[in-house]
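Survey of secondary and tertiary structure
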Amino acid sequence: MPAPDLPPPHPLRKRLLILEFSCLAVLLLTMGWFSSQNASAAPLNPAWLIIPALASLGVFLSFIGLMYLRWVATAEASNRFRHKLVFSLLALTLISVWVYGIAKTWLSLTAS
């Protein structure tokens, strides 16, 4: 039985996937690099933390973009407002968690 014809993917989908996995690779590489730093050597400059912070933001934003394409862009017109509302609340929650994590990390660095 042949599969039904699927609609073509959104043009931004491929770019968002590339962005998400590129940022994830940068995030993992910086985590590995930070863990390999010797604690007895000179302390790590906090400015280096901007790299994983931006990489994690890229992962979050591309995830949110892909979620938008899947949930809102493909929703029927009658359900679109409800989908946009739920998506907006979820996106706001995800970004708030990211901001909270970055703020707590920065405050813990400046406290010591």
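This report concerns the structure included in the present document. (Residues numbered from 1 in each chain as written. Predicted model: local features only at pLDDT ≥ 70, side-chain atom pairs only at ≥ 80, totals over all residues. Heavy atoms only, no water.)

Digging into the overall build of the chain
Test applied: The secondary structure listing takes helices from DSSP runs of H or I that are at least 4 residues long and strands from runs of E that are at least 2 residues long, numbered from the N terminus. Only C-alpha atoms enter the radius of gyration, while the globule expectation follows 2.2 Å times N to the 0.38, with N the number of residues. For each residue, the accessible area found with a 1.4 Å probe, counting protein chains only, is set against the maximum for its type, and the residue is called buried under 20%, exposed over 50%, and partly exposed in between. The contact rule is simple, with two residues in contact once any of their heavy atoms fall within 4.5 Å. Each accessible area is a Shrake-Rupley estimate made with a 1.4 Å probe; only the visible protein chains count as cover when residues are assessed.
Scanning the chain for helices and strands turns up 3 helices and 0 strands. Shown N-terminal to C-terminal, the secondary structure of the chain runs as helices and strands in the order α-α-α. Taken over the C-alpha trace, the chain has a radius of gyration of 19 Å; the compact-globule value for 112 residues is 13 Å, which it surpasses by more than 25%. If you line up the chain on its principal axes, its C-alpha atoms span 65 × 30 × 20 Å. Evaluated residue by residue, the chain yields a buried proportion of 21% over its 112 residues. Partitioning the intrachain contacts of the chain with sequence separation of at least 6 by distance along the chain shows that 66% fall at a separation of at least 24. With an accessible surface of roughly 8,700 Å², the chain has 72% of that area assigned to carbon and sulfur atoms.

Some thoughts on the nonpolar core
Our working rule: Nonpolar cores are built from buried Ala, Val, Leu, Ile, Met, Phe, Trp, Tyr and Cys residues. Side-chain atoms within 4.5 Å join them into one set.
In this structure, Ile64, Met67, Val72, Phe87, Ala91 and Leu94 together form the largest nonpolar core, which totals 6 residues. Of all the secondary structure elements, the ones that give two or more residues to this core are α2 (50–71) and α3 (80–111). A per-element tally of this core places α3 first, with 3 residues. Ignoring any residue separated from it by four or fewer positions in sequence, one finds Val72 in contact with Met67, Arg80, His83, Lys84 and Phe87.

Observations concerning the environment of Leu44
Along the chain, Leu44 falls in the loop between α1 (11–36) and α2. You can call Leu44 partly exposed: its relative accessible area is 36%. Taking the C-alpha atoms as reference points, Leu44 and Phe34, separated by 10 residues in sequence, lie 8.3 Å from one another. Non-local contacts of Leu44, meaning those with residues more than four positions away in its chain, are made with Trp33 and Phe34.

A short note on the packing of α2 against α3
Helices that pack against each other are described as a pair by the angle of their axes relative to one another and the distance between those axes. In plain terms, the rule: Note on method: axes are straight lines fitted to C-alpha atoms, helices fitted across the in-contact stretch only, with angles between N-to-C directions ranging 0 to 180 degrees. Put simply, angles under 35 degrees are roughly parallel, angles over 145 are roughly antiparallel, angles from 65 to 115 are roughly perpendicular, and the rest are oblique.
For the pair α2 and α3, interaxial distance at closest approach is 11 Å and the crossing angle is 170°. The orientation of α2 with respect to α3, classified from their angle, is roughly antiparallel. In this structure, α2 uses Ala53, Ser56, Leu57, Phe60, Leu61, Phe63, Ile64, Met67, Tyr68 and Trp71 to contact α3, whose residues at the interface are His83, Lys84, Phe87, Leu90, Ala91, Leu94, Ile95, Trp98 and Ile102.

Some thoughts on the packing of aromatic side chains
What counts, and what does not: Side-chain rings of Phe, Tyr and Trp (the six-membered ring for Trp) are treated as a pair once their centres are within 6.5 Å; stacked means planes under 30 degrees apart, edge-to-face means over 60, and tilted covers the remaining angles.
Considering all chains together, one arrives at 3 aromatic pairs under this definition. With 5.3 Å between their ring centres and 40° between their planes, Trp33 and Phe34 make a pair best called tilted. For Trp33, a relative accessible area of 36% puts it in the partly exposed group. Every member of this aromatic cluster is reached through a ring pair, and the members are Trp33, Phe34 and Trp48.

A word on a nonpolar patch on the surface
This is how the line gets drawn: Candidates for patches are residues over 30% relative accessible area with no salt bridge; among them, like charges are joined within 9 Å and nonpolar side chains (Val, Leu, Ile, Met, Phe, Trp, Tyr) within 5 Å. Criterion for a salt bridge: a side-chain nitrogen of Lys or Arg within 4 Å of a carboxyl oxygen of Asp or Glu.
A cluster of nonpolar side chains, Val26, Trp33, Leu44, Trp48, Ile50, Ile51 and Leu54, forms an exposed patch at the surface whose accessible area comes to about 620 Å². Every element with two or more residues in the nonpolar patch is listed here: α1 and α2. Among the elements that make up the nonpolar patch, the one with the highest residue count is α2 (3 residues). With respect to the secondary-structure elements, Trp33 resides in helix α1.

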